[in-house]
Amino acid sequence: MAVNLFASPSIPTEVSDPINARILAVSEDRIAGFVDEPFAAIATTAEVTEDVVIERLRAMLSASVIRRIRQTLMATNLAPGALVAWRVAPDRLDSAFNYMVKEDPFSGHVVIRSTDSETPGSVYRLWTTLKVPQGFSMQRHCEFLAGKVGADAFRIMPAKRLFALGVGHVRRRGMEPGSRSEEPGRVLDTNIVELSPLEWRVLTALKREFTIDEITPNPWRGRAGDAGLPLDEFIRVARSLSAREVIGRFSTFLEHVKPSAGGERVTRYNALFHWRVPAGREIEAGREIGRHHILTHAYWREGGPEFANVNVMAVAHGTDKQLVLDHKAAIDRHLEEAGIPAPYTNVFWGGRSEIKPSEISPVEYEAWAKRAGLIAESRTG
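So, how was this worked out
Residues numbered from 1 in each chain as written. Predicted model: local features only at pLDDT ≥ 70, side-chain atom pairs only at ≥ 80, totals over all residues. Heavy atoms only, no water. Helix = DSSP H or I, 4+ residues; strand = E, 2+ residues; numbered from the N terminus. Buried < 20%, exposed > 50% of the residue type's maximum accessible area, 1.4 Å probe, protein only. Contact = heavy atoms within 4.5 Å. Areas by Shrake-Rupley, 256 points an atom, 1.4 Å probe, with all protein chains shown as cover. Pairing = 2+ DSSP bridges. Axes fitted to C-alpha atoms, helices over the stretch in contact; angles between N-to-C directions. Parallel < 35°, antiparallel > 145°, perpendicular 65-115°, else oblique. Nonpolar A, V, L, I, M, F, W, Y, C, P; charged D, E, K, R; others polar. Core = buried A, V, L, I, M, F, W, Y, C linked by side-chain atoms within 4.5 Å. Polar contact = N/O pair within 3.5 Å; in protein donor to acceptor, adjacent residues only side chain to side chain. Left-handed = near helix turned anticlockwise from the far one by under 90°. pLDDT = per-residue confidence, 0-100. Phe/Tyr/Trp six-rings, centres within 6.5 Å; stacked < 30°, edge-to-face > 60°. Lys NZ or Arg CZ within 6 Å of the ring centre and 35° of its normal. Salt bridge = Lys/Arg side-chain N within 4 Å of Asp/Glu carboxyl O.

Visitor: Residues and numbers for the overall build of the protein chain, please.
Guide: The number of helices and strands found in the protein chain is 12 helices and 12 strands. The buried share of the protein chain, taken over its 381 residues, is 52%. Here the contacts in the protein chain between residues at least 6 apart in sequence split such that 80% fall between residues at least 24 apart. Accessible surface for the protein chain amounts to roughly 16700 Å². Of this, 51% is attributable to carbon and sulfur atoms.

Dropping the structure here:
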């Protein structure tokens, strides 16, 4: 019988292990853009050897402490995307969740959310991120999904600007409420970038999740072969894509919903914060909110009347609910001190959730649409 050497109990796999914590504090979101030797880059920053990085990442991936390792993309620049809230009857909520997870490759984060009391939008329990590749209609895609899952309403909320983007659960542990940068958050636009067929070939090979066997020095050699390119040409194109800011980070993604085999949780609470700030001050408010280190995401999205016309949203995680609320209160105080009124705010708490990368390839979309019976009405006019 085959033995999985990477699951050996002699190699620690819990995130609380000091060496693992040091590696993960870098590997979650500190390797920006495309790098030729990502595991060596993690090793250098974490001040351990590359052999140790490879051994520990293999072990944590095998033990499902790490869910996936992959080169992320700035998908907002590659395909129109949105956060979508769905109003689904309570008795259909679980089946709707399952459909989004299993049947729609273009829905990424799928979360059932709730509020602490009845508030505007609290009947919208199912939330998804959605990418619909260039040349196809997001509205029609959502109408199709609504019919499949029995949603009687949905709200599409594309990001107009991004202000914070980076997971880093391990490095955020123990962070004090109010911890923030001296400079306002960076503003990232969401303009769509056109790619050539060659660039799509490289991008498709880049973004695939790493298997355990691929966690080695020089990991791109095999991907270059998959793309049918010499390694130097593959790297040249990848560097070019990175320079055009369509490459995100080389990242490890922890299992932050379920406990590990040892009972350890990376995080327990997932909070989506909402603020309504004066029209015309969304970018200013977003940059002030984006200063705060606890946030994994912050963006300008229009919630519309369904959500009391909120226009800035952010996401934070934590193991203690009150501490997450304390972080939110610190951000609220900072907005007040900055002279930015937020007359309405809310928190949507994440419950059941599943996270998967959204497919962004137009070729894959067309094939899926044909299988699903959507192709006749998918192309935008």
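Visitor: Please give an account of the sheet that holds strand β1 (residues 31–32) that cites residues and values.
Guide: Ordered in space as β1-β8-β2, the 3 strands form an open sheet in which the pairing is antiparallel. Pairing within the sheet leaves two strands with one partner each, and these edge strands are β1 and β2 (66–73). Direction of pairing for β2 relative to strand β8 (residues 247–254): antiparallel, over a ladder of 6 bridges. Residue pairing across strands places L73 opposite I247, the latter belonging to β8.

Visitor: Let's hear about the packing of helix α1 (residues 18–27) against helix α3 (residues 50–62): which residues, and what values?
Guide: Contact geometry of α1 with α3 gives a least axis separation of 11 Å together with a crossing angle of 90°. With respect to their mutual orientation, α1 and α3 come out roughly perpendicular. Listed contacts from α3 to I19, N20, I23, L24 and S27 of α1 are V52, V53, R56, L57 and M60. Of the residues contributing to the contact of α1 with α3, the split by class is 7 nonpolar, 2 polar and 1 charged.

Visitor: How would you sum up the nonpolar core? Please name residues and give values.
Guide: Residues F39, I42, L57, L203, L206 and F234 are the most contacted members of the largest nonpolar core, which totals 45 residues. Secondary structure elements with two or more residues in this core: α1, α2 (38–46), α3, β2, α7 (197–207), α8 (220–226), α9 (231–243) and β8. Ignoring any residue separated from it by four or fewer positions in sequence, one finds F234 in contact with V202, A205, L206, W220, R223, A224, A227 and L229. Membership of the second largest hydrophobic core comes to 28 residues, among which are L93, V101, L126 and V132.

Visitor: Kindly report on the environment of N346, identifying the contributing residues and their values.
Guide: Note on placement: N346 falls in strand β12 (residues 344–354). Accessibility expressed as a relative area gives 10% for N346, which makes it buried. It is 9.3 Å that separates the C-alpha atoms of N346 and R276, two residues lying 70 residues apart in sequence. Other than its neighbours up to four places away in sequence, N346 contacts T115, T119, P120, L272, F273, H274 and K328. Within polar-contact distance, the side chain of N346 engages the side chain of T119 at 2.8 Å.

Visitor: Provide a residue-level description of the packing of helix α10 (residues 282–289) against helix α11 (residues 321–337), including the pertinent values.
Guide: Two numbers describe how α10 lies on α11: the axes approach to 10 Å, and their chain directions differ by 130°. On the basis of the axis angle, α10 is oblique to α11. Seen from above, α10 lies across α11 with right-handed handedness. For the pair formed by α10 and α11, the contact residues are A285, E288 and I289 on the first element and I331, H334 and L335 on the second.

Visitor: Could you give an account of the confidence of the model for the protein chain, naming the residues involved and the relevant values?
Guide: Considering every residue of the protein chain, the mean pLDDT works out to 89; 90% of them sit at 70 or more. Looking over the protein chain, one finds the lowest element-wise mean pLDDT in helix α6 (residues 169–172), namely 46, and the highest in strand β6 (residues 151–157), namely 98. Taken together, the stretch residues 1–7 has pLDDT below 50 and engages in 7 contacts with residues farther than four places along the chain or on a different chain.

Visitor: Account for the packing of aromatic side chains, with residues named and values stated.
Guide: Summed over the entire model, instances satisfying the criterion amount to 19 aromatic pairs. Here the aromatic rings of F106 and W368 are separated by 5.4 Å at their centres, their planes lie at 70°, and the arrangement is edge-to-face. Residue F106 is located in the loop between α4 (93–103) and β4 (107–114), and its partner W368 is located in helix α12 (residues 362–372); the two are separated by 262 residues in the primary sequence. Since its relative accessible area comes to 5%, W368 is described here as buried. Taking 5.5 Å as the distance between ring centres and 80° as the angle between the ring planes, the aromatic pair formed by F210 and F250 counts as edge-to-face. You can see F210 sitting in the loop between α7 and α8 and its partner F250 sitting in strand β8, a full 40 residues away along the chain. Here F210 and F250 have matching classes, each one buried. Positioned above the aromatic ring of F210 is the side chain of R223, whose terminal nitrogen or guanidinium carbon lies 4.3 Å from the ring centre.

Visitor: Account for unusual backbone geometry, with residues named and values stated.
Guide: Positive phi values are uncommon outside glycine, yet S64 reaches one of about 65°. Here S64 lies in the loop between α3 and β2. Phi at E245 takes a positive value of approximately 65°, unusual for a residue other than glycine. Along the polypeptide, E245 turns up in the loop between α9 and β8. By relative accessible area, which is 46% here, E245 ends up partly exposed.

Visitor: Quick rundown of the pattern of salt bridges? Include the residues and the values.
Guide: Scanning the model with the defined rule gives 19 salt bridges in all. Note that D116 is salt-bridged to K321, the shortest N-O span being 3.0 Å. Of this pair, D116 sits in the loop between β4 and β5 (126–131) while K321 sits in helix α11, placing them 205 residues apart in sequence. Judged by its relative accessible area of 29%, K321 falls in the partly exposed class. Two residues, R223 and E214, come together in a salt bridge whose shortest N-O distance is 2.9 Å.

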